[in-house]
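# Summary of structural features
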Amino acid sequence: MPELPEVETIRRVLEPQLVGRRVTSVSLLNARVIAYPDRDNFIKMFSGQVVQKMSRRGKYLTIRFESGDRLAVHLRMTGQLLVTPGDYEMEKHTHLIAGLSDGNQLRYIDVRRFGRFWYLKKDEADSVTGQEKLGLEPDDDNLTALYLKSRLCKRKKSIKEMLLDQTFIAGIGNIYSDEILYEAGIYPGAKGGELSDEDIARLAKVVPKVISFEISANETTEQEYLAGKGQEYRNTPYLKAYGHAGRQCPVCGEIFKKIKIAGRGSCYCPGCQRKRNR
C-alpha cells in the first residue's frame, strides 16, 4: 500500500503535468471507485474543470480546480494514477480516464478496486473522505515530544499500532513504522504508555527525519514514473528494517526478526530494539 512518501512522490510527479490543463472528457469504466457523489453527478462536475494545483494530506491526494471544487482520491492497496499520452497502451484494470486539454489522459488503474474518489464542490464541508479525522503530518512543527507524550502516556496499544493509527500521525503505514522504530531503537511491541521520556524524545526527532529522507530518496522523473506504472519506487534499497527478517543488523550484528502485531508483520532488530521487562 502506498504510504506518505509514495503518495508525495505521485503528487510531485503528476502536479506539473496537470496544472493548467482542462478536463475535456471523463470516461468512467467502473463506477465502484466513485465514493461521492453519484456516478452521473461526478462525471458532470468533473468535466470541464481546470486544474489549479495538487495537494496531499496523509495518504490522500486532492486535485484542486480553479473553480474552487476539488477531487480527493485514496489509492488504498493497489491504486495507480498515471498521466499518459492518449495512445498509451490501456492497462487491464483501468477504471477512470480523464481526457486533458493537452492531449494527455489522467488514468486510474486499480487491480483490487479498493481505491476511492470523492468530488467536493467549492466551500462544501468535507464530511465524507475521512481527512478531517487525520492526525498531524510527520513534518508538522506541532509534532513534538509533548504532543506524543500526551497521546501515548495512557495507551495500552503497542507503539507499532499507534504509528499505524492515522488519527495519531497521518501517512505512516507498515513500512515506515518499521523504519521509524528501528531508527529510534524502540521495540515495536512496547506499549505506548510504557515508553520513557527519552524514547518519546527520540521518536519526535526520528518521525520527520525518516519520512523526509524516504521522500527525497524516492525522487523520480515523469518518464521513470510512467515506465514503472507508478509502482516502482527508488527508495526501496534504502530501507533498513522493513523486509529484512533473517538478515544481519549492520549496527549490532543481531539477526532481524519478524513478529505479528495486531495482524501486521513487524521487522525489528532484537539488539537495537530490545524488549524491556517492566
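Small disclaimer: the values here were computed from a predicted structure and weren't measured.

Here the focus is the overall build of the protein. When helices and strands are counted, the protein shows 7 helices and 11 strands. Taking 19 Å as the expected radius of gyration for a compact globule of 278 residues, we find that the protein reaches 20 Å, a close match to that expectation. Within the span of the protein, comprising 278 residues, buried residues form 53% of the whole. Put simply, 65% of the contacts in the protein that link residues at least 6 apart link residues at least 24 apart. Surface summary for the protein: the accessible area is close to 13300 Å², and the carbon and sulfur share equals 47%. Charge-centre separation for the protein: the mean point of 45 positive side chains lies 6 Å from the mean point of 36 negative side chains.

Here we come to the nonpolar core. Judged by nonpolar contacts, the single largest core of 35 residues is most densely connected at Leu14, Leu18, Phe42, Phe46, Leu81 and Phe117. For this core, the element with the most residues is helix H1 (residues 4-18), which contributes 5 residues. Ignoring any residue separated from it by four or fewer positions in sequence, one finds phenylalanine 117 in contact with Val33, Ile34, Ala35, Tyr36, Phe42, Leu71, Ala72, Val73, Leu81 and Tyr108. Among the nonpolar cores identified, the runner-up in size contains 31 residues, and Leu152, Phe168, Leu195 and Ile211 belong to it.

What follows concerns the pairing of strand S5 (residues 70-74). Among the 5 residues of S5, 5 are classified as buried, and the element is accordingly described as predominantly covered. What you see with S5 is no split at all: Arg70, Ala72 and His74 on one side and Leu71 and Val73 on the other are buried throughout. As defined by bridge partners, strand S4 (residues 60-65) adjoins S5 across 5 bridges and the pair is classed as antiparallel. Note that in S5 the partner of threonine 62 across the bridge is alanine 72. Connecting S4 to the antiparallel partner S5 that follows it, the hairpin turn spans 4 residues, and glycine 68 within it adopts a positive phi of roughly 100°. Bridge count between S5 and strand S9 (residues 116-120): 5 bridges; the pairing is antiparallel.

This part is about H1. For H1, with 15 residues, the first-to-last C-alpha span of 20 Å sits near the 21 Å given by 1.5 Å per residue. Burial analysis of H1 places 12 of its 15 residues in the buried class, which makes it a mostly covered element. Buried within H1 are the following residues: Leu4, Pro5, Glu6, Val7, Glu8, Thr9, Ile10, Arg11, Val13, Leu14, Gln17 and Leu18. Phi for glycine 20, located one or two positions after H1, is positive at around 85°.

Attention shifts here to the pattern of salt bridges. Counting across every chain of the model gives 15 salt bridges. Across the pair arginine 57 and glutamate 137 runs a salt bridge, and its minimum N-O distance is 2.8 Å. Here glutamate 137 lies in the loop between S9 and helix H3 (145-152) and arginine 57 lies in strand S3 (residues 51-57), a separation of 80 residues in the sequence. Owing to a relative accessible area of 26%, arginine 57 belongs among the partly exposed residues under this scheme. Within the structure, one salt-bridge network assembled from shared partners comprises Glu8, Arg11, Arg12, Glu15, Arg56, Arg57 and Glu137.

Here we have 5 strands laid out as an open sheet, ordered S2-S9-S5-S4-S3, and mixed in their pairing. Each having just a single partner strand, strand S2 (34-36) and S3 make up the two edges of the open sheet. Strand after strand, the sheet turns through a mean of 25° between neighbouring axes, direction not considered. Of the strands in this sheet, S3 and S4 touch H1, which is tilted by about 175° from S3.

Here is what the cut-offs are and how they apply
Residues numbered from 1 in each chain as written. Predicted model: local features only at pLDDT ≥ 70, side-chain atom pairs only at ≥ 80, totals over all residues. Heavy atoms only, no water. Helix = DSSP H or I, 4+ residues; strand = E, 2+ residues; numbered from the N terminus. Rg over C-alpha atoms; globule rule 2.2 N^0.38 Å. Buried < 20%, exposed > 50% of the residue type's maximum accessible area, 1.4 Å probe, protein only. Contact = heavy atoms within 4.5 Å. Areas by Shrake-Rupley, 256 points an atom, 1.4 Å probe, with all protein chains shown as cover. Lys, Arg positive; Asp, Glu negative; His and termini not counted. Charge placed at Lys NZ, Arg CZ, Asp CG, Glu CD. Core = buried A, V, L, I, M, F, W, Y, C linked by side-chain atoms within 4.5 Å. Pairing = 2+ DSSP bridges. Expected span 1.5 Å × (residues − 1). Salt bridge = Lys/Arg side-chain N within 4 Å of Asp/Glu carboxyl O. Axes fitted to C-alpha atoms, helices over the stretch in contact; angles between N-to-C directions.

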